[in-house]
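The lines below spell out each chain.
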Amino acid sequence: MKSLEIIGFKRANLDGAALKEIREEGNVPCVVYGPGIKEQIHFYSPAILFRDLIYTPDVHMVDLNIEGTKVKAILREAQFHPVSEVLLHADFLAYTEDKEIKMDIPVEIMGTSPGIIKGGKLEMKARTLKVKGLAANLPDRIPVDISHLDLGKSVKVSELSVEGFEILTSPNVSIATIGIPRALRGKKAE
């Protein structure tokens, strides 16, 4: 899985005035917690460093460098301003190599469907799947083969076979469906 480094600086003041000042300087207040560290660390980081982490469909492991302290983590939650959509806060989960972690991993559509060739439309029902596994075993993307899908058919989570990690998303969830366009529906009725 891809890795990204974020440099942070510890913050002692946790009150609202200090947070406002941090945000006005172009920084994002953050916290890291979890089994990978002894106690949670409050820090801030320049907002520009989050561009490659948040505004992308890919998932990353994050190497936090907080004033020399190195922590391996994943982005657990990001909070945005409701109007301006500016990043307000980020939560990181520190992990260890021997404990399983839960993440949302994007799916990647593979192959060409006969239903699409006949004029159907690919409808994505789930763009990510929740998985659990060791950090070393988690993939960048989960491949989903649609080369067997005809018009009106779908591929479900239960049809996927993966190794090294477990898919937590319900097996009944459809990942992709080949929709039947209105023009083809009328031809079938005749």
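Looking at an unreviewed UniProt entry, the protein carries the name Large ribosomal subunit protein bL25, with the source organism given as Belliella buryatensis. Quoted straight from UniProt, the Function (unreviewed entry) entry for the protein says "This is one of the proteins that binds to the 5S RNA in the ribosome where it forms part of the central protuberance." In its Sequence similarities (unreviewed entry) section, UniProt records this for the protein: "Belongs to the bacterial ribosomal protein bL25 family. CTC subfamily."

A. The arrangement of the overall build of the protein in detail. Counting its regular elements, the protein contains four helices and 13 strands. In the protein, buried positions account for 37% of the 190 residues. Partitioning the intrachain contacts of the protein with sequence separation of at least 6 by distance along the chain shows that 67% fall at a separation of at least 24. Per element, the accessible surface of the protein, about 11,100 Å² overall, is 50% carbon and sulfur. A gap of 7 Å separates the mean positions of the 25 positive and 26 negative side-chain charges of the protein.

B. Structural context of the sheet that holds strand β2 (residues 27–33). Taken in spatial order, the six strands of this closed barrel run β1-β3-β2-β6-β5-β4, and their pairing is mixed. Across the sheet, the mean angle separating the axes of adjacent strands is 45° when strand polarity is ignored. Strand direction decides the pairing type here: β2 and strand β3 (residues 41–46), joined by six bridges, are antiparallel. Each residue of the ladder has a partner; that of valine 31, found in β3, is histidine 42.

Rules used throughout
Residues numbered from 1 in each chain as written. Predicted model: local features only at pLDDT ≥ 70, side-chain atom pairs only at ≥ 80, totals over all residues. Heavy atoms only, no water. UniProt positions renumbered as here; feature names shortened; annotations may be inferred. Helix = DSSP H or I, 4+ residues; strand = E, 2+ residues; numbered from the N terminus. Buried < 20%, exposed > 50% of the residue type's maximum accessible area, 1.4 Å probe, protein only. Contact = heavy atoms within 4.5 Å. Areas by Shrake-Rupley, 256 points an atom, 1.4 Å probe, with all protein chains shown as cover. Lys, Arg positive; Asp, Glu negative; His and termini not counted. Charge placed at Lys NZ, Arg CZ, Asp CG, Glu CD. Pairing = 2+ DSSP bridges. Axes fitted to C-alpha atoms, helices over the stretch in contact; angles between N-to-C directions.

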